[in-house]
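A look at the structure
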Amino acid sequence: MAQPDLVIVGSGFFGLTIAERAATELDKRVLVVERRSHLGGNAYSEPDPETGIEVHRYGAHLFHTSNKRVWDYVNRFTDFTGYQHRVFTIFRDRVYPMPVNLATICEFAGRAMTPDEARAWVAEHAAEIDVDDAQNFEEKGVALVGRPLYEAFFEGYTAKQWQTDPKNLPASIVSRLPVRYTFDNRYFNDTYEGLPVDGYTAWLERMADHPNIEVRLDTDWFDVRDELGWDGTEDVPTVYTGPLDRYFDFCEGELGWRTLDFVPEVVETTGDFQGTPVMNYADRDVPFTRIHEFRHFHPERKNYPSDRTVIVREYSRFAESGDEPYYPINTPDDRAKLERYRELARKEATNRKVLFGGRLGTYKYLDMHMAIGSALTMFDNRIAPWFTSGVDFDGADPLEG
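Since the model is a prediction, treat every value here as computed from it, not as a measurement.

Reading across the sheet, the seven strands line up as β7-β6-β12-β13-β14-β11-β15 and stay open at both edges, with mixed pairing between neighbours. Strands with a single pairing partner mark the edges of an open sheet, and in this sheet they are β7 (94-98) and β15 (327-328). Bridge count for strand β6 (residues 87-91) against β7 is five bridges, and the pairing is antiparallel. Paired with phenylalanine 91 across the two strands is arginine 94, which belongs to β7. The sheet strands contacting helix α3 (residues 102-109) are β6 and β7, and the helix crosses β7 at an angle near 155 degrees.

In structure tokens form, the structure reads like this:
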């Protein structure tokens, strides 16, 4: 490729969406630089070499959205199955459906209830704390579902997930806790949901399959940026989707993240280990948070072996230097650092035409559809105006789509 018109650092959904739009809509030459040996970021999937079962190497990825623009866009590159995500949890050797719904409450209480009876049961056990007075995760959880359900399904699981006493976690974390007084155990409420028929890697490769797009794998942008003319003299904008603090050489300190460890196992004795894609483990004395069994994500695939299966145990911990960051912790100290990095990013947008996007580049947890939607917005508001009308990157927040 000749001198690119646009450089993208990172090949996850955010970066590839920008790259595809610039190549297709604007006929621009785009260089995508990826430090890993594969494209796709954490959405990368591949067949397990022993069984052929498609495994999501960086944890289960479930696509869902209510954004029709995003849904229409992604359907350009893949068809979707009719998969709907459902989760179960084990507590004291009994299995319950999640999120908390009428079936969960009836099973836990040991009797059949009508929706009104279940509401009354929860209200009785939640009466000790007014939801408006809740000051931390535990108080908010008790106020929403009652202490018995909170202690069974959220206390131990959350302590493992965050390695922090729930009393010391903010109440805002509980805001996504749905409680349904029906037997609906679908995990997501979005309008559209499914898994890519041919897998995530095939989908991502189609996004990058354009003559104007060059992808360089096994390439750390920090090692090659000078040879790419990244010295402020070239009119080549850059969209950076790597860790925000790494870009600025951690000058304001490292931002805090949670990371995940995945321990895969090929089970040789059965073709079905747990009967469901994801099983949570709520008991504190179980060290992992959940087990994924990837064959169940694609029941339509008939070529998977009947005598072996792949499971992956997932463990959560605080990230250390060099670990893969997954979830921003967002302590007050982190937020203060983020504001300082945001100011540096504003200057970088003006002086070096660099925009920051994606989960790592904005220090935000983004589901896949959110990353794609944010990238489409950045393309509309920042990238396209730059190329078509010469609108500079001054003024607007470089960490926002």
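So, on to the side chain of threonine 78. Note that threonine 78 resides in the loop between α2 (68-74) and β6. On the accessibility criterion, threonine 78 (3% relative accessible area) is buried. Those residues in contact with threonine 78, other than ones at most four positions away along the chain, are Pro196, Val197, Trp203 and Arg206.

Let us now look at the nonpolar core. One finds Phe13, Phe63, Val74, Ile105, Tyr200, Trp203 and Ile372 to be the most contacted residues of the largest nonpolar core, which totals 60 residues. Here this core takes six residues from helix α6 (residues 147-162), the largest share from any one element. Core analysis: the next-biggest nonpolar cluster, separate from the first, contains 23 residues, Leu31, Val224, Val236 and Leu244 among them.

Time to look at the packing of aromatic side chains. What describes a pair of aromatic rings is the distance from one ring centre to the other and the angle between the planes of the rings. Summed over the entire model, instances satisfying the criterion amount to 35 aromatic pairs. Residues tryptophan 71 and tyrosine 192 carry aromatic rings whose centres are separated by 5.1 Å and whose planes lie at 10 degrees to one another, so their mutual orientation is stacked. Of the two residues, tryptophan 71 is situated in helix α2 and tyrosine 192 in strand β8 (residues 192-194); the sequence distance between them amounts to 121 residues. Take tryptophan 71 and tyrosine 192: they sit in the same class, and that class is buried. A ring pair is formed by phenylalanine 248 and tyrosine 341, whose centres lie 5.9 Å apart and whose planes are at 25 degrees; its orientation type is stacked. Placement of the pair is phenylalanine 248 in the loop between α9 (244-247) and β11 (257-267) and tyrosine 341 in helix α10 (residues 332-352), with a sequence separation of 93 residues. The exposure classification of phenylalanine 248 matches that of tyrosine 341, with both residues buried. Ring-pair connections join several aromatic residues into one group, and the members of that group are Phe13, Phe63, Trp71, Phe80, Tyr192, Tyr200 and Trp203. Over the face of the ring belonging to tyrosine 58 we find arginine 36, whose NZ or CZ atom lies 4.1 Å from the ring centre.

Moving on, we get to helix α4 (residues 115-126). Here α4 is twelve residues long and its end C-alpha atoms lie 16 Å apart, about the 16 Å a rise of 1.5 Å per residue gives. If you check which residues of α4 are buried, you get Ala118, Trp121, Val122 and Ala126. Down the axis of α4, the sector holding all buried residues measures 125 degrees, keeping them to one side. Of the exposed residues in α4, the ones pointing more than 90 degrees away from its buried face are Asp116 and Glu124. If you follow the buried residues of α4, they end up packed against α3, α5 (137-145) and α6.

Moving on: the pairing of strand β2 (residues 30-33). Burial of β2 is two-sided: the residues Val30 and Val32 facing one way and the residues Leu31 and Val33 facing the other way are all buried. Bridge count for β2 against strand β9 (residues 213-216) is four bridges, and the pairing is parallel. Residue pairing across strands places valine 33 opposite arginine 216, the latter belonging to β9.

Let us look at α3. All of the buried residues in α3 are Leu102, Thr104, Ile105 and Cys106. Where the residues of α3 are buried, they touch β7, α4 and α6. A side-chain oxygen of the first residue of α3 lies 2.8 Å from the backbone nitrogen of alanine 103; this N-cap is asparagine 101. Phi turns positive one or two residues past the end of α3, at glycine 110, with a value near 80 degrees.

What counts and how
Residues numbered from 1 in each chain as written. Predicted model: local features only at pLDDT ≥ 70, side-chain atom pairs only at ≥ 80, totals over all residues. Heavy atoms only, no water. Pairing = 2+ DSSP bridges. Helix = DSSP H or I, 4+ residues; strand = E, 2+ residues; numbered from the N terminus. Contact = heavy atoms within 4.5 Å. Axes fitted to C-alpha atoms, helices over the stretch in contact; angles between N-to-C directions. Buried < 20%, exposed > 50% of the residue type's maximum accessible area, 1.4 Å probe, protein only. Core = buried A, V, L, I, M, F, W, Y, C linked by side-chain atoms within 4.5 Å. Phe/Tyr/Trp six-rings, centres within 6.5 Å; stacked < 30°, edge-to-face > 60°. Lys NZ or Arg CZ within 6 Å of the ring centre and 35° of its normal. Expected span 1.5 Å × (residues − 1). Arc of directions from axis to C-beta. Polar contact = N/O pair within 3.5 Å; in protein donor to acceptor, adjacent residues only side chain to side chain.

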